[in-house]
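Structure assessment
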Amino acid sequence: MRVIIEKDYRDLSKKAALLVASQVILKPNSVLGLATGSTPLGMYRELIQMYQRGEINFSEVSSFNLDEYYRLPHDNPESYHYYMQENFFKHINLKAKNIFIPDGMADDIERECRDYEETIKHSGGIDLQILGIGSNGHVGFNEPAEQLNVTTKLVNLTAETIEANSRFFDSAEDVPKMAVSVGMATILKARRIILLASGENKAEAIKNTISGYVSTKTPASLLQTHPEITLIVDRAAANFL
Ligand code: PGA
């Protein structure tokens, strides 16, 4: 596990964007695993600027997002479909047919989960997976629990996650209580993983992630078993290291 500590969020975002850009430059038809939340926003902004300067081309890239809320329409501004469109896809030349996000609106969710796994497999697998981390140590929506999902599944969100995400909604009651999330094995199958964490509220989760033990109570700690994982954290998130 490689840990890169950057001064602040801006430097963290630039470093993350450089690593994504180098992946796409070296392999133009890369399969990227993408994340939502506040943390990757700076990285997406940097990548958009690189694209506008002609430094990076996404025309052969495919992308798979980690998760989506259950039963939140795609045009809802808090849905991850909307987030990805607004914050990244509409600004770059990634082709719509190569964009994949779990469909929380699917009539048959179990089938959607199975199909999502199959589509990832048929793409050749994820070359580079970007992850954020919850203050409770979740990755994707794999929440701390006695047992973790292996593959993509419909999951319940913890009270802590609902509270954390209520900042985007009018109230905690409006936050969907369930989501479709790729599973831990889906994440761990990626060839390379970059986990981003910014801010003091992530410091405890980061400490538990690299503690030397794996625990389903900190899902991110399982990443220690991956041979090509890089954490990029700012000083505040590295507070307890
Ligand atoms: P955040 O969310 O980037 O908005 O802090 C990360 C996560 O919950 O995985």
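For the structure itself, look to the data block above.
Everything in this summary refers to the structure shown in the same document. Every residue gets a number counted from 1 within its own chain, in the order that chain's sequence is written. Only residues with pLDDT of 70 or above have their local features reported here, since the model is predicted, and side-chain atom pairs are shown and tallied only from 80 upward, although totals for entire chains, interfaces and linings are computed over all residues. To obtain the side-chain values, all non-hydrogen atoms of the structure were used and water was disregarded.

**Focus: the packing of helix H2 (residues 41-52) against helix H3 (residues 80-87)**
Between H2 and H3, whose axes approach to 10 Å, the crossing angle comes to 40 degrees. Across from Leu-41, Tyr-44 and Ile-48 in H2, the residues of H3 making contact are Tyr-83, Met-84 and Asn-87. Residues were grouped as follows: Ala, Val, Leu, Ile, Met, Phe, Trp, Tyr, Cys and Pro as nonpolar; Asp, Glu, Lys and Arg as charged; and all remaining residues, including Gly, as polar. Here the residues of the contact of H2 with H3 are counted per class, giving five nonpolar, one polar and no charged. Geometry is summarised by axes, namely lines fitted to C-alpha atoms with helices restricted to the contacting stretch, and by angles between N-to-C directions that run from 0 to 180 degrees. Here a strand is any run of E in DSSP of at least two residues, a helix any run of H or I of at least four, and the numbering for each starts at the N terminus. It only takes one pair of heavy atoms within 4.5 Å for two residues to be counted as in contact.

**What to know about the layout of surface pockets**
The computed volume of the largest pocket comes to approximately 620 Å³. Elements represented by at least two residues in the lining of the largest pocket include exactly strand S4 (67-69), H3 and helix H5 (159-165). Ranked by the residues each element gives to the lining of the largest pocket, the list is headed by H5, at four residues. Here the residues of the lining of the largest pocket are counted per class, giving 15 nonpolar, 15 polar and five charged. Think of a 1 Å grid over just the protein atoms. A cavity is a set of points where a 1.4 Å probe fits yet cannot get out, a pocket is an open set with protein on both sides within 12 Å along at least five of seven lines, and lining residues have an atom within 4 Å of a point. Grid points are joined across faces, edges and corners, and a volume is the space filled by probe spheres set on the points.

**Overview of the pattern of salt bridges**
A carboxyl oxygen of Asp or Glu within 4 Å of a side-chain nitrogen of Lys or Arg is what we treat as a salt bridge. The full count for this structure, using the stated rule, is twelve salt bridges. The shortest N-O distance in the salt bridge between Lys-7 and Asp-11 comes to 3.4 Å. The cut-offs for exposure are 20% and 50% of the maximum accessible area for each residue type, with area from a 1.4 Å probe on protein chains only; residues under the lower value are buried, those over the upper are exposed, and the others partly exposed. We classify Asp-11 as partly exposed; its relative accessible area is 23%. Arg-191 is the partner of Asp-127 in a salt bridge, and the nearest nitrogen-oxygen pair spans 2.7 Å. In this pair, Asp-127 sits in the loop between helix H4 (109-122) and strand S6 (128-131) while Arg-191 sits in the loop between helix H6 (184-188) and strand S9 (192-197), placing the two residues 64 residues apart along the sequence. Through salt bridges that share partners, Lys-7, Asp-8 and Asp-11 make up one connected network.

**Some thoughts on the environment of Val-31**
Among the secondary structure elements, Val-31 is positioned in strand S2 (residues 31-34). Owing to a relative accessible area of 3%, Val-31 belongs among the buried residues under this scheme. Aside from chain neighbours lying at most four places away, what touches Val-31 is Ser-62, Phe-64, Ser-123, Gly-125, Ile-126, Asp-127 and Leu-128.

**Details of the site of the ligand**
Only heavy atoms are used to decide nearness, and a residue is near a molecule or strand if one of them lies within 4 Å of it. Around the ligand lies a shell formed by Gly-37, Ser-38, Thr-39, Gly-132, Ile-133, Gly-134, His-138, Arg-167 and Lys-202. Between the ligand and the protein, one listed contact pairs an oxygen atom with a side-chain N or O atom of Thr-39 at 2.4 Å. Any pair of nitrogen or oxygen atoms within 3.5 Å is treated as a polar contact; in protein, a donor-acceptor pairing is required on top of that, and neighbouring residues in sequence qualify only through side-chain atoms on both sides. Measuring from an oxygen atom of the ligand, one finds a side-chain N or O atom of Lys-202 at 2.6 Å. Surface exposure here means Shrake-Rupley accessible area, sampled with a 1.4 Å probe, where a residue is shielded only by the protein chains that are shown. Relative to its free-state accessible area of 280 Å², the ligand is covered by the protein chains to the extent of 84%. At a threshold of 2 Å from the grid points, most atoms of the ligand map onto the largest pocket. Looking at side-chain class alone, the shell around the ligand contains one nonpolar, six polar and two charged residues. Any molecule with more than half of its atoms within 2 Å of a cavity's or pocket's grid points is regarded as sitting in that cavity or pocket.

**Examining the packing of aromatic side chains**
Note on ring pairs: Phe, Tyr and Trp rings are taken, using the six-membered ring of Trp, and paired if centres are within 6.5 Å. Classes follow the plane angle, with under 30 degrees stacked, over 60 edge-to-face and the rest tilted. Taken as a whole, this structure holds twelve aromatic pairs when the rule is applied. Between Tyr-44 and Tyr-83, the ring centres sit 6.4 Å apart and the planes meet at 75 degrees, which makes this aromatic pair edge-to-face. In this pair, Tyr-44 is assigned in helix H2 and Tyr-83 in helix H3, connecting sequence segments 39 residues apart. For Tyr-44, a relative accessible area of 0% corresponds to the buried category.

**A short note on the sheet that holds strand S7 (residues 153-156)**
Spatially, S4-S8-S7 is the arrangement adopted by the three strands of the open sheet, whose pairing is antiparallel. Both outer strands of the open sheet, S4 and S7, are each paired with one neighbouring strand and no more. Strand after strand, the sheet turns through a mean of 30 degrees between neighbouring axes, direction not considered. In short, DSSP must find at least two bridges between two strands for them to pair. In this sheet, strand S8 (residues 178-181) lies alongside S4 in antiparallel orientation, the contact comprising three bridges. Looking at S8, one finds that Asp-67 is bridged to Ser-181.

**A word on empty space enclosed by the protein**
Taken as a whole and judged by the stated rule, the model has one cavity of 30 Å³ or more. Of the volumes computed, that of the largest cavity is approximately 40 Å³. Lining the largest cavity are Phe-64, Asn-65, Leu-66, Tyr-116, Ile-120, Ile-126, Gln-129, Val-182, Thr-186 and Ile-187. Elements with a contribution of two residues or more to the lining of the largest cavity: strand S3 (62-65), H4 and H6. In the lining of the largest cavity, the residues fall into seven nonpolar, three polar and no charged.

**Quick word on the packing of helix H1 (residues 9-26) against H2**
In contact at an axis separation of 8 Å, H1 and H2 are set at 55 degrees when each is read in the N-to-C sense. By the angle between their axes, H1 is oblique relative to H2. As for how H1 packs across H2, the hand of that crossing is right-handed. For the pair H1 and H2, contact is made by Tyr-9, Ser-13, Lys-14, Ala-16, Ala-17, Leu-18, Val-20 and Ala-21 and by Leu-41, Gly-42, Met-43, Arg-45, Glu-46, Leu-47 and Met-50, respectively. Among the residues making up the contact of H1 with H2, the classes are represented as ten nonpolar, two polar and three charged. Any angle that is under 35 degrees is reported as roughly parallel, and any over 145 degrees as roughly antiparallel; angles of 65 to 115 degrees are reported as roughly perpendicular and all others as oblique. Here a crossing is taken to be left-handed if its near helix is turned anticlockwise relative to the far helix by less than a right angle, and right-handed if that turn runs clockwise.

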